[in-house]
Amino acid sequence: MASRFYLTTPIYYINDVPHVGHAYTTFVADTFARWKRSRGNEVVFATGTDENAQKTVDAAAKTGEDVQRYTDRMAETWQKTWQKLGISNTDFIRTTEQRHIKTVHELWRRIAERGDIYKGRYEGLYCRGCEAFKKESDLLEGFCPDHNMQPERVSEENYFFRLSKYQIPLLDFYDGHPNFVVPEKRFHEVRRFVEEGLEDLSISRAAREWGIPVPGDDSQRIYVWFEALMNYVSAIGVDAWREHPADVHMVGKDILRFHAAIWPAMLMSAGLPLPRQIAANGFFTIEGVKISKSLGNMVDPLVLTEKYGADALRYFLLREIPFGEDGDFSERKLEERYTADLANGLGNFSARVLALGERASPLDPKTGVDSVIELRIRETRHILEEKTLGYRFNEALAAVWELISFGDAYVNEKKPWETNNMRTIFSLVALLDNVAASIASFLPATSEKITGSIRWTDHTMVVSKGETLFPRMD
Ligand code: MSP
């Protein structure tokens, strides 16, 4: 039986449409999902929308729409965006769905039965941008550095989660699971945060109309993060989670503490197993500037996709930004890579080889593949496997592009258009076929186009030129 692999993206806020930063995490997750599928796993790949936040209400008020209507419309926009970008998610979870609310209530009950929920007074600062409580030390001159806004001072009766009780269990767990958070440097950050001491967490808000009510107390709504994290269980159900929790939660570094400290503590309290790994991507700026709604510098992934194709955007993001590191996005750099690596690199090589193959078709595989090429193919496969599983997507892609360069040099040297040497031509087609297989998880549409041009009939191979993979930008 195929082994199961459960992978998630964060569920995104719906106060705006997706920007290229959200697309990045989703592309990474999609690449990983496709990779696991290609290795025979039965992949459950969930993404979705985080709808119960106060910012949903604020955003709806701006458009003048009824909140539920606004929410439905935005959830559809997000879902459609992922479809247009070719994301292969198997589920899309919305936190206003009944399956989620049911799970949240069940987990709340389990946590309460454990004695980990109590009523107390919360006095402090709350940032609406983060939807999170802040310490004075988190602020820069009184402002939230992530949202450039002043947190509100709140004082109210809330329910609390005994997060402090889980400090030692968490540290013990980290010790026993050295790969729980990747990259490693992010794991150090989380560990330090937990070592400094955990305060109990306020997990409800009074006098809110939007959000999931606290079981047995309609005057309070569950704090959005506390229930949003539970979406990962809601998507597959409590029993399925107990059998097989998430293999990877892909998240941005901004929300790592929630996933690597608070979420595991909640699961421990609820008596459920912990996810196997949290993989945190870095953040990128746009032309050196932080992506922000107020600055209006958000780049729409659909606009880029229309111009360059989804594969080009995926390629650029995965190749340009080493996973886990911060980076910068600019359309100029995207265009440079498009021209150099895609149009002139893969596109040109593929066109050359397919043209040669078409002219020589049908090809007889008995001619065999040149041993130099066979060796290079094997080496590349090996590197690809290791780098991809280690989240080093940029290096994985670099290895494939080295194989392409090798192929280019090989054509130039062997001049098959003069010699008509069938073994050379067959070797080149085999190399291209391997390139296509290697990029299947990274540039899925491109991979399919190439393999569609190489067909086996009986015991011969028939090659056709196919369409231009990456038209030149003028
Ligand atoms: N709703 C919460 C997550 C709840 S998960 C239980 C949330 N949503 S969000 O819409 O703000 O999305 C945040 C995520 O988007 C980040 O964690 C990251 O994965 C991605 N990114 C947003 N901007 C990004 C960049 N500029 N760069 C890289 N990733 C970015 O937080």
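What you see is a predicted model, and the numbers here were worked out from it, not measured in a lab.

> Now, about the overall build of the protein chain: what can you tell me, with residues and values included?
Scanning the protein chain for helices and strands turns up 18 helices and 17 strands. Relative to a compact globule of 474 residues, whose C-alpha radius of gyration would be 23 Å, the protein chain shows 25 Å and is just as compact. The principal-axis extents of the C-alpha atoms in the protein chain amount to approximately 85 × 45 × 40 Å. Of all 474 residues assigned to the protein chain, the portion counted as buried reaches 56%. Look at the contacts in the protein chain between residues 6 or more apart in sequence, and 77% of them connect residues 24 or more apart. Looking at the protein chain as shown, the accessible area adds up to about 20,800 Å², and 48% of this sits on carbon and sulfur atoms. Positive and negative side-chain charges of the protein chain, numbering 59 and 69 respectively, have mean locations separated by a distance of 2 Å.

> Give me the sheet that holds strand β10 (residues 213-214): which residues, what numbers.
Strand order in the open sheet formed by 3 strands is β9-β11-β10, and the pairing between neighbours is antiparallel. Two strands bound the open sheet, and with one partner strand each, they are β9 (204-206) and β10. When β9 meets strand β11 (residues 217-222), the two strands line up antiparallel, connected through 3 bridges. Bridge pairing in β11 places R205 opposite R221.

> Just give me the short version of the pairing of strand β1 (residues 4-13), but keep the residues and values in it.
Burial within β1 is extensive, with 9 of its 10 residues counted as buried. For β1 and strand β2 (residues 42-50), the ladder comprises 8 bridges, and the chain directions are parallel. Following the sheet pairing, T8 is matched in β2 by A46. The pairing of β1 with strand β12 (residues 248-252) spans 2 bridges and is classified as parallel. Opposite L7, over in β12, you have V248 as the bridge partner.

> I'd love a proper account of unusual backbone geometry, names of residues and values included.
When glycine is set aside, most residues are seen to have a negative phi, and most peptide bonds are trans. Backbone torsion omega between V182 and P183 reads -5°, so that peptide bond is classified as cis. Residue placement: P183 occurs in the loop between β7 (181-182) and α6 (184-195). Omega for the peptide link from S361 to P362 comes to -5°, which places this bond in the cis form. Residue position: P362 is located in the loop between α13 (331-360) and α14 (371-389). In this structure, E131 takes a positive phi of about 50° despite not being glycine. If you trace the backbone, E131 turns up in the loop between β4 (117-127) and β5 (132-134).

So, how was this worked out
- Residues numbered from 1 in each chain as written.
- Predicted model: local features only at pLDDT ≥ 70, side-chain atom pairs only at ≥ 80, totals over all residues.
- Heavy atoms only, no water.
- Helix = DSSP H or I, 4+ residues; strand = E, 2+ residues; numbered from the N terminus.
- Rg over C-alpha atoms; globule rule 2.2 N^0.38 Å.
- Buried < 20%, exposed > 50% of the residue type's maximum accessible area, 1.4 Å probe, protein only.
- Contact = heavy atoms within 4.5 Å.
- Areas by Shrake-Rupley, 256 points an atom, 1.4 Å probe, with all protein chains shown as cover.
- Lys, Arg positive; Asp, Glu negative; His and termini not counted.
- Charge placed at Lys NZ, Arg CZ, Asp CG, Glu CD.
- Pairing = 2+ DSSP bridges.

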